Amino acid sequence: MAWYLVKIVITSIIIVVVSEIGKFNSLMGSLLASIPLISVLGMIWMYQERVPIVKISAHSTGVFWMVLPSLPMFLLLPWLLDKHGWNFYSSLAVSLSVTILLYFLTVMVVRRYGILI
């Protein structure tokens, strides 16, 4: 149980630090947020918990394929906010909905080509 608390605390601190830095320096906040911190931490936690390397490798491959359909969200959100004047939560909801749709499409496409994620 203590290990789960350590993981939660470290992960939470990183997220809070990135969001606080982003308030004052958008470039630095964007740079830090773009580093795959959650993925790296997840793989570190998996390794520390003696998850087989083959599973960590598969996890890394899956993250690669799932990052691709998430990228349009970072263009759609500001487009809806800036160009169309939508409010934040509506823009976020549409952006996340499109991302979820793209996740499903990506899974279907990569499976068609024999890539298991």
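Every value quoted in this text rests on a predicted model; they were computed, and no experiment measured them.

Colleague: Tell me about the layout of surface pockets, and please be specific about residues and values.
Modeller: Looking at the largest pocket, its volume works out to about 800 Å³. In this structure, the largest pocket is lined by 25 residues; those nearest its centre are Ala-33, Ser-34, Ile-35, Pro-36 and Phe-74. Elements represented by at least two residues in the lining of the largest pocket include exactly helix H1 (2-24), helix H2 (26-34), helix H3 (37-48), helix H4 (53-70), helix H5 (73-83) and helix H6 (88-112). When residues in the lining of the largest pocket are grouped by element, the largest group, six residues, is from H2. For the lining of the largest pocket, a count of residues per class yields 16 nonpolar, nine polar and no charged.

Colleague: Outline unusual backbone geometry, listing residues and values.
Modeller: With phi around 65 degrees, Arg-50 is a residue other than glycine that occupies positive phi space. If you trace the backbone, Arg-50 turns up in the loop between H3 and H4. Take Arg-50: its relative accessible area is 72%, and that puts it in the exposed class.

Colleague: Please set out the packing of aromatic side chains residue by residue, giving values where relevant.
Modeller: As enumerated under the stated definition, the model contains three aromatic pairs in all. Relative to Trp-45, the ring of Trp-3 lies with its centre 5.4 Å away and its plane at 90 degrees, an arrangement referred to as edge-to-face. Here Trp-3 is found in helix H1, whereas its partner Trp-45 is found in helix H3, with 42 residues between them in sequence. Judged by relative accessible area, Trp-3 falls into the partly exposed class, the value being 32%. Under the relative-accessibility criterion, Trp-45 is labelled buried at 13%. Note on Phe-64 and Trp-65: the rings are 5.1 Å apart at their centroids and 80 degrees apart in plane angle, and the pair reads as edge-to-face. By relative accessible area, which is 47% here, Phe-64 ends up partly exposed. The partly exposed category is assigned to Trp-65, whose relative accessible area is 24%.

Colleague: Which residues make up the confidence of the model for the protein chain, and what are the values?
Modeller: It should be kept in mind that the predicted coordinates are not to be read in detail where pLDDT is low. In this model, the protein chain carries an average pLDDT of 92, and 100% of its residues clear a pLDDT of 70 or more. Confidence, expressed as mean pLDDT per element, reaches its minimum in the protein chain at H2 with 85 and its maximum at H5 with 97.

Colleague: So what's going on with the pattern of salt bridges? Which residues, and what values?
Modeller: It is possible for side chains of opposite charge to pair when their charged atoms get near one another. Tallying each qualifying case throughout the model produces two salt bridges. Residue Lys-7 pairs with Glu-49 through a salt bridge whose shortest N-O separation is 2.5 Å. Residue Lys-7 is located in helix H1, and its partner Glu-49 is located in the loop between H3 and H4; the two are separated by 42 residues in the primary sequence. For Lys-7, a relative accessible area of 14% translates into the label buried.

Colleague: Tell me about a nonpolar patch on the surface, and please be specific about residues and values.
Modeller: Judged by side-chain polarity, Phe-64, Val-67, Leu-68, Leu-71 and Phe-74 come together as a nonpolar surface patch covering roughly 480 Å² of accessible area. With three residues, H4 is the largest single contributor of residues to the nonpolar patch. A relative accessible area of 39% means that Leu-68 is categorised as partly exposed.

Calculation notes
- Residues numbered from 1 in each chain as written.
- Predicted model: local features only at pLDDT ≥ 70, side-chain atom pairs only at ≥ 80, totals over all residues.
- Heavy atoms only, no water.
- 1 Å grid on protein atoms, 1.4 Å probe; cavity = no way out; pocket = protein on both sides within 12 Å on 5 of 7 lines; lining within 4 Å.
- Points joined across faces, edges and corners; volume = space filled by probe spheres on them.
- Helix = DSSP H or I, 4+ residues; strand = E, 2+ residues; numbered from the N terminus.
- Nonpolar A, V, L, I, M, F, W, Y, C, P; charged D, E, K, R; others polar.
- Buried < 20%, exposed > 50% of the residue type's maximum accessible area, 1.4 Å probe, protein only.
- Phe/Tyr/Trp six-rings, centres within 6.5 Å; stacked < 30°, edge-to-face > 60°.
- pLDDT = per-residue confidence, 0-100.
- Salt bridge = Lys/Arg side-chain N within 4 Å of Asp/Glu carboxyl O.
- Patch = residues over 30% accessible without salt bridge, like charges linked within 9 Å, V, L, I, M, F, W, Y side chains within 5 Å.
- Areas by Shrake-Rupley, 256 points an atom, 1.4 Å probe, with all protein chains shown as cover.

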